[in-house]
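Inside the fold
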Amino acid sequence: MTVFKCFMDFKKEEQWLLEMARKGNRLIKAGNGYYKFIYDANIPDNYSIKTDYRTFSKDGDYNNYLSLFEDSGWRHIAGGKWAGNQYFERVSPDANDDIFSDSFSSAGRYKRYSYMWLSIAVAYLPLMVVYTQNWIVSPDKMFHFKELYLTPGLWDMKGAKFLLAFLFETPFALFRGYSSLIFFIIILLYAYCAIKSYRLYKKELKNITHQSVPNTKA
Amino acid sequence: MNLNKYLPLTETTYYILLALMEPGHGYYIMQKVEELSDGKVRIAAGTMYGAIENLIKQGLICSIASPDPRRKVYQITQQGFEVLKLEAARLRHLVLLADQRAL
């Protein structure tokens, strides 16, 4: 079955995936906002499913990363070189309970996630600037609703003729007037995601319950 | 370059550098560190990968030619070795102080 769900917090996501596993749903694929499960009645009691966030530019680096997990007893279920979200399930009984043994590395994935949102938000900035420079989508047109409609003589038409012309042009007019607003909203949304992730990063850094070995940060 | 900026090393980093005095891949480091610490320090995979990345960035370890295309092999660098020696000297001094006081 496929479930559509969005998580900003990796720990909550892991918890949910474990609950699904307890009910016999084994994760086989995951993407942006969706999860695919198959029914498996024989999921062991000590089943563990964890997630990391990391992107790679070279295949060699990615394979190196996957091999490290494989060697230490964690099977890679889902995730790609560019996708970021990497899902692992424990297959070896003497592997650690988690793929992170200190809070610094567990927090690191929130930081990487946060930077991803930030870089997209920043990428949209020049786009927004370019669009607002263009005369078609200037922000001051937002306040002159009638000017958005370029059909000559539109406002002089009457009855059914007017309604038809008006409705036809409305989507174009809305785009002309308000697309810069869309960019603005997108940037705000992505910046919000970046900030929320960064806050979770800071919170996880202080989480001493997630520390089974001394910190690796030199 | 003043290597003292890398001191004090965290316990886990100290173990990793010790392990990499012999070349090895990521899982080798995990196993060696567990062995060297008598099972007390068990670094998990995600943590290990991050630690390796950090140490490479700091120039304390480096990647060398590997017979296995799927697994990179790492080794301590000259700089890493110098830092390890400085840390060992720092620890020896601390132990000496403890011995003098019969701790």
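Residues numbered from 1 in each chain as written. Chains lettered and ligands numbered in written order. Predicted model: local features only at pLDDT ≥ 70, side-chain atom pairs only at ≥ 80, totals over all residues. Heavy atoms only, no water.

Facing the 27 residues of chain B at the interface are 29 residues of chain A. Where chain B abuts chain A, roughly 2400 Å² becomes buried across the two surfaces, and 51% of that area is made up of carbon and sulfur atoms. Where chain B meets chain A, there are four salt bridges. With a shortest N-O distance of 2.3 Å, lysine 72 of chain B and aspartate 61 of chain A are connected by a salt bridge. Contributions of two or more residues to the side of chain B that touches chain A are made by helix 1 (11–19), helix 2 (26–36) and helix 3 (45–58) of chain B. Take the side of chain B that touches chain A: its biggest share by element is 10 residues, from helix 3 of chain B. Grouping the constituent residues of the side of chain B that touches chain A by class yields 10 nonpolar, 10 polar and seven charged. (Contact = heavy atoms within 4.5 Å. Buried area = accessible area lost by both parts, 1.4 Å probe. Salt bridge = Lys/Arg side-chain N within 4 Å of Asp/Glu carboxyl O. Helix = DSSP H or I, 4+ residues; strand = E, 2+ residues; numbered from the N terminus. Nonpolar A, V, L, I, M, F, W, Y, C, P; charged D, E, K, R; others polar.)

Residues and elements named next belong to chain B. Reading across the sheet, the three strands line up as 1-3-2 and stay open at both edges, with antiparallel pairing between neighbours. Edge positions in the sheet fall to strand 1 (24–25) and strand 2 (61–64), since each of these pairs with one other strand and no more. Direction of pairing for strand 1 relative to strand 3 (residues 73–76): antiparallel, over a ladder of two bridges. Note that in strand 3 the partner of glycine 24 across the bridge is tyrosine 74. (Pairing = 2+ DSSP bridges.)

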